[in-house]
Amino acid sequence: MDHDAETEVPGIALVAHDGWKQGMIEWAGFNRDTLSAYTLYTTGTTGALLARELDLKVHRLLSGPYGGDAQIGALVAERRVQCVIFFWDPLTPQPHDVDVKALLRLTVLHNIPTACNRVTADFLISSPLFSKTLGSSVAVNAIRIMDLSEESELLNA
């Protein structure tokens, strides 16, 4: 699917497992003004809470165990999400662990800034590079060109 990076508002994915939802609400509340300048994609319950508690406009996807994490992964692969804030629970087994791992794999594969805890999320969103990188079609296009050349090399190997 082709998306024109120059005309779209950059997307940020916000995901939180059950034990971390309150932390996500607090973090997003503190960063509400910054987040409201972006297209926000969320998994089901996280999105409902963010919309209700903070009056944020979000694009709610399915709940994580029902495919929401996979949907976020697809948005990463399509370059519609340029940053992922994912407060996941490392101590609680998840029925969709495979989807969580796939999402994190895609963020690494596509070089997407990803925060898995509040401290890292704070570093990301407060970085002077945050708005420059997420809002830069030049950066997105440079990554696309790099990806295409790497893909070509792999196919010719």
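Residues numbered from 1 in each chain as written. Predicted model: local features only at pLDDT ≥ 70, side-chain atom pairs only at ≥ 80, totals over all residues. Heavy atoms only, no water.

## A look at the packing of aromatic side chains
Scanning the entire structure with this criterion turns up two aromatic pairs. Residues Trp27 and Phe87 carry aromatic rings whose centres are separated by 6.2 Å and whose planes lie at 70 degrees to one another, so their mutual orientation is edge-to-face. A residue pair is termed long-range when its members are at least 10 positions apart, and Trp27 in helix H1 (residues 21–30) and Phe87 in strand S4 (residues 83–87) qualify at 60 residues. Since its relative accessible area comes to 3%, Phe87 is described here as buried. Each ring, one from Tyr38 and one from Phe130, has its centre 5.7 Å from the other, and the planes form 75 degrees; the classification is edge-to-face. In this pair, Tyr38 is assigned in the loop between helix H2 (32–35) and strand S2 (39–42) and Phe130 in helix H7 (residues 129–134), connecting sequence segments 92 residues apart. The same class applies to Tyr38 and to Phe130, which are both buried. (Phe/Tyr/Trp six-rings, centres within 6.5 Å; stacked < 30°, edge-to-face > 60°. Helix = DSSP H or I, 4+ residues; strand = E, 2+ residues; numbered from the N terminus. Buried < 20%, exposed > 50% of the residue type's maximum accessible area, 1.4 Å probe, protein only.)

## Topic: the layout of surface pockets
Any empty space left between the atoms is revealed when a probe the size of a water molecule rolls over them. Considering only enclosed or pocket space, the second largest pocket measures out at about 210 Å³ in volume. Surrounding the second largest pocket, 19 residues form its lining, Ala16, His17, Asp18, Lys21 and Pro65 being those nearest its centre. Broken down by secondary-structure element, the contributors of at least two residues to the lining of the second largest pocket are strand S1 (11–16) and helix H3 (44–54). Sort the elements by how many residues they give to the lining of the second largest pocket and H3 lands first, with three residues. When its residues are assigned to classes, the lining of the second largest pocket shows four nonpolar, eleven polar and four charged. (1 Å grid on protein atoms, 1.4 Å probe; cavity = no way out; pocket = protein on both sides within 12 Å on 5 of 7 lines; lining within 4 Å. Points joined across faces, edges and corners; volume = space filled by probe spheres on them. Nonpolar A, V, L, I, M, F, W, Y, C, P; charged D, E, K, R; others polar.)

## Structural notes on unusual backbone geometry
Phi at Arg79 is positive, roughly 70 degrees, even though this residue is not glycine. Along the chain, Arg79 falls in the loop between helix H4 (68–77) and S4. According to the relative accessible area criterion, Arg79 is buried, its value standing at 12%. For Asn111, which is not a glycine, the phi torsion comes out positive at approximately 60 degrees. A residue is classified by how much of its surface remains accessible, and Asn111, at 52% relative accessible area, is exposed.

## A word on the pairing of S4
With respect to burial, S4 is a largely interior element, five of its five residues being buried. Burial along S4 is two-sided: the face carrying Cys83, Ile85 and Phe87 and the face carrying Val84 and Phe86 are both buried. Of the pairings in the sheet, the one linking S4 to strand S5 (residues 114–115) comprises two bridges and is parallel in character. By the bridge assignment for S5, Val84 is matched with Thr114. In this fold, the crossover linking S4 to S5 by way of helix H5 (residues 97–109) has right-handed handedness. (Pairing = 2+ DSSP bridges. Right-handed = clockwise from strand over helix to strand, strands pointing away.)

## Re the nonpolar core
Grouped together as the largest cluster of nonpolar side chains are 24 residues, with contacts concentrated most on Ile12, Leu14, Met24, Trp27, Leu35, Leu40 and Ile85. In terms of residue count, the dominant contributor to this core is H1 (four residues). Sequence-distant contacts of Met24, that is, excluding residues within four places in its chain, are made with Leu14, Val15, Ala16, Thr46, Leu50, Ile85 and Phe87. Val76, Val100, Leu103 and Leu106 belong to the second-largest nonpolar core, a separate cluster that totals 14 residues. (Core = buried A, V, L, I, M, F, W, Y, C linked by side-chain atoms within 4.5 Å. Contact = heavy atoms within 4.5 Å.)

So yeah, pure geometry; function would need other evidence.
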